[in-house]
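# Chain and residue survey
Each chain, letter by letter, is given below.
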Amino acid sequence: MDPVVIPILVAAIVVVFLVSASVRIVPQARRYNIERFGRYRRTLQPGLNFVLPVADRVNTKLDVREQVYSSDPKPVITEDNLVVNIDTVLYYQITDPRAAAYEVADYLQAIDQLTVTTLRNVIGSMDLEGTLTSREEINARLRAVLDDATGKWGIRVNRVEIKAIDPPNTIKEAMEKQMRAERDKRAAILHAEGERQAKILTAEGTKQKDILEAQGTQQAMILRADGESKAVELVFQSVHRNNADAKVLAYKYLETLPHLAQSENNTFWVIPGELTEAVRAVTSAFGDRSEMGSPLSAEHERERGHQRAEEADGGTPDEAGTPHIEADPTLALDAATAADEVAKQAAAAVSDAKAEAEAAGEAQRPGRGQG
């Protein structure tokens, strides 16, 4: 080999080594701290960078993206002397690579210890219930303390979250019993309130029902009384308009008497005092017509004579005009038999009156035809 080639090769190798040692390519979101002869020189930014070979060297490579750090559960004592295990989640970002590399030896360990200390100070002033219900307050106080302490380390704490709070097992059982009792209490209250509302609604419904039934009964009675009043008024007007005399009224009275004994519940029947007067008025009416030209039957005349003889002998009317009828002690008829007998007598009297009225009408027809 030519002796001149060997130095050329050595020089080329040295040049390649020097060029490769002087070039540094930094990825995006990374920062390199450069030291020259052991002293901090500068921080390389992302891209192509040149350094002095042999004199400059990369001390630390840092990631400036937001990082997540989850700590292990740490025991913390509350104000009411209960030990709870709390683990946190920390979101942080390196803002000053030089401070993060030279101001603190291990920033993650420093942040973890500072978080535990702050948690013990914050939760030590709260009881267990306040600890479980005040997570937002604890997170805010932790972030304030950590942000103030890590600022000089070139780190910004963006967010701190409490991941879990684990009380002792005995406390968990007591809390479960308390929550179960509270739920049972609310259920009993809701059940009682429901029954109360149901009873109130039932009472209101019953009240409205009674009121409506009473109003309906009232309206029915009013309408019924109004109808009866109008019926009586129409009958009264019809009687006066047709100029009915006492003879017609007596005839209608006798026609109504048989209906009084038709009910099955009648065990006692009072014979009105006007019965004989009505019979007398009807018979006298038809008797007047017989004198005008229609002779009555001999049997009817005998009945009238027998009736007049009885009135002359013992049937003296009282002050009210009602004759006294002497009871025969030999008759042992009960109330139902007496009612049937009186009904038969009234029906017979009405039938006789109708027969006499028809006979009187037939007797007067030829006279009207001749006129």
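Before any of the text, the structure's been laid out above.
Residues numbered from 1 in each chain as written. Predicted model: local features only at pLDDT ≥ 70, side-chain atom pairs only at ≥ 80, totals over all residues. Heavy atoms only, no water.

## Some thoughts on the side chain of Ser 71
- For Ser 71, the location among the structural elements is in the loop between strand 6 (67-70) and strand 7 (74-77).
- On the basis of relative accessible area, Ser 71 is assigned to the buried category, the value being 8%.
- Setting aside residues up to four positions removed in sequence, Ser 71 forms contacts with Asp 87, Thr 88 and Asp 112. (Helix = DSSP H or I, 4+ residues; strand = E, 2+ residues; numbered from the N terminus. Buried < 20%, exposed > 50% of the residue type's maximum accessible area, 1.4 Å probe, protein only. Contact = heavy atoms within 4.5 Å.)

## Details of helix 3 (residues 107-123)
- Helix length check: helix 3, at 17 residues, gives a terminal C-alpha distance of 24 Å against a target of 24 Å (1.5 Å per residue), a fit within 8%.
- Buried within helix 3 we find Tyr 107, Ile 111, Asp 112, Thr 115, Val 116, Thr 118, Leu 119, Val 122 and Ile 123. (Expected span 1.5 Å × (residues − 1).)

## Some remarks on the packing of aromatic side chains
- For the structure on display, the rule yields two aromatic pairs.
- An angle of 65° between the planes, with centres 5.6 Å apart, marks the rings of Tyr 40 and Tyr 102 as edge-to-face. A residue pair is termed long-range when its members are at least 10 positions apart, and Tyr 40 in strand 3 (residues 39-44) and Tyr 102 in helix 2 (residues 97-102) qualify at 62 residues.
- With a centroid separation of 6.0 Å and an interplanar angle of 65°, the aromatic rings of Tyr 92 and Tyr 107 are classed as edge-to-face. Here Tyr 107 lies in helix 3 and Tyr 92 lies in strand 8 (residues 83-94), a separation of 15 residues in the sequence. The same class applies to Tyr 92 as to Tyr 107, namely buried. (Phe/Tyr/Trp six-rings, centres within 6.5 Å; stacked < 30°, edge-to-face > 60°.)

## A short note on the nonpolar core
- Counting 27 residues, the largest nonpolar core has Ile 86, Leu 90, Leu 119, Ile 138 and Ile 155 as the members making the most contacts within it.
- If you list the elements that add at least two residues to this core, you get strand 8, helix 3, helix 5 (135-150) and strand 9 (155-166).
- For Ile 86, the contacting residues outside a window of four places in its chain are Asp 72, Pro 73, Lys 74, Val 76, Leu 119, Ile 123, Ile 162, Ala 164 and Ile 165.
- Of all hydrophobic cores here, the second largest spans five residues; its members include Val 26, Tyr 32, Leu 44 and Val 51. (Core = buried A, V, L, I, M, F, W, Y, C linked by side-chain atoms within 4.5 Å.)

## Some points on a negative patch on the surface
- Residues Glu 79, Asp 80, Asp 127 and Glu 129 make up a contiguous surface patch of negative charge.
- By the element assignment, Asp 80 lies in the loop between strand 7 and strand 8.
- A relative accessible area of 35% means that Asp 80 is categorised as partly exposed. (Patch = residues over 30% accessible without salt bridge, like charges linked within 9 Å, V, L, I, M, F, W, Y side chains within 5 Å. Areas by Shrake-Rupley, 256 points an atom, 1.4 Å probe, with all protein chains shown as cover. Salt bridge = Lys/Arg side-chain N within 4 Å of Asp/Glu carboxyl O. Lys, Arg positive; Asp, Glu negative; His and termini not counted. Charge placed at Lys NZ, Arg CZ, Asp CG, Glu CD.)

## Comments concerning the packing of helix 3 against helix 5
- Across the interface, helix 3 lies against helix 5 with an axial gap of 10 Å and an inter-helix angle of 140°. When the interaxial angle is binned, helix 3 and helix 5 end up oblique. Handedness of the helix 3/helix 5 crossing: right-handed. The segment helix 3 lies against helix 5, with Ile 111, Leu 114, Thr 115, Thr 118, Leu 119, Val 122 and Ile 123 engaging Ile 138, Arg 141, Leu 142, Val 145, Leu 146, Ala 149 and Thr 150.
- Of the residues assigned to the contact of helix 3 with helix 5, the class counts are ten nonpolar, three polar and one charged. (Axes fitted to C-alpha atoms, helices over the stretch in contact; angles between N-to-C directions. Parallel < 35°, antiparallel > 145°, perpendicular 65-115°, else oblique. Left-handed = near helix turned anticlockwise from the far one by under 90°. Nonpolar A, V, L, I, M, F, W, Y, C, P; charged D, E, K, R; others polar.)

## Here we look at unusual backbone geometry
- Although it is not a glycine, Ala 29 sits at a positive phi angle of roughly 65°.
- Within the chain, Val 54 stands out as a residue other than glycine whose phi angle is a positive 70°.
- With respect to the helices and strands, Val 54 occurs in the loop between strand 4 (47-50) and strand 5 (56-63).

## Some thoughts on the side chain of Arg 31
- Of note, Arg 31 is situated in strand 2 (residues 30-36).
- One buried charged side chain, Arg 31, makes no salt bridge at all; its nearest oppositely charged neighbour is Asp 63, positioned 7.7 Å away.
- Of the polar contacts made by the side chain of Arg 31, one reaches the side chain of Gln 45; its length is 3.2 Å.
- With near-sequence residues (within four places) excluded, Arg 31 lies in contact with Thr 43, Leu 44, Gln 45, Pro 46, Thr 60, Lys 61, Leu 62, Val 64 and Pro 97. (Polar contact = N/O pair within 3.5 Å; in protein donor to acceptor, adjacent residues only side chain to side chain.)

## Details of the sheet that holds strand 2
- Strand order in the open sheet made by the three strands is 3-2-5, with antiparallel pairing throughout. With partners counted over all chains shown, the strands left at the sheet margins are strand 3 and strand 5, one partner each. Neighbouring strand axes in the sheet, compared pairwise and without regard to direction, differ in orientation by 25° on average.
- Across seven bridges, the pairing between strand 2 and strand 5 is antiparallel. Its bridge partner lying in strand 5, Arg 36 is registered against Asp 56. (Pairing = 2+ DSSP bridges.)

## Comments concerning the environment of Ala 55
- Tracing the backbone shows Ala 55 in the loop between strand 4 and strand 5.
- A sequence separation of 19 residues divides Ala 55 from Arg 36, and the C-alpha atoms of the two residues are 5.4 Å apart.
- If we ignore the near neighbours within four places in the chain, the residues touching Ala 55 are Glu 35, Arg 36 and Phe 37.

## As for helix 5
- The end-to-end C-alpha distance of helix 5, which contains 16 residues, comes to 22 Å, matching closely the 22 Å that a straight helix rising 1.5 Å per residue would cover.
- For helix 5, every residue scored as buried is listed here: Ile 138, Asn 139, Leu 142, Leu 146, Ala 149 and Thr 150. Buried residues of helix 5 fall within an arc of 105° about the axis and therefore sit on the same side. When the buried face of helix 5 is taken as reference, the exposed residues oriented beyond 90 degrees from it are Glu 136 and Asp 148. (Arc of directions from axis to C-beta.)

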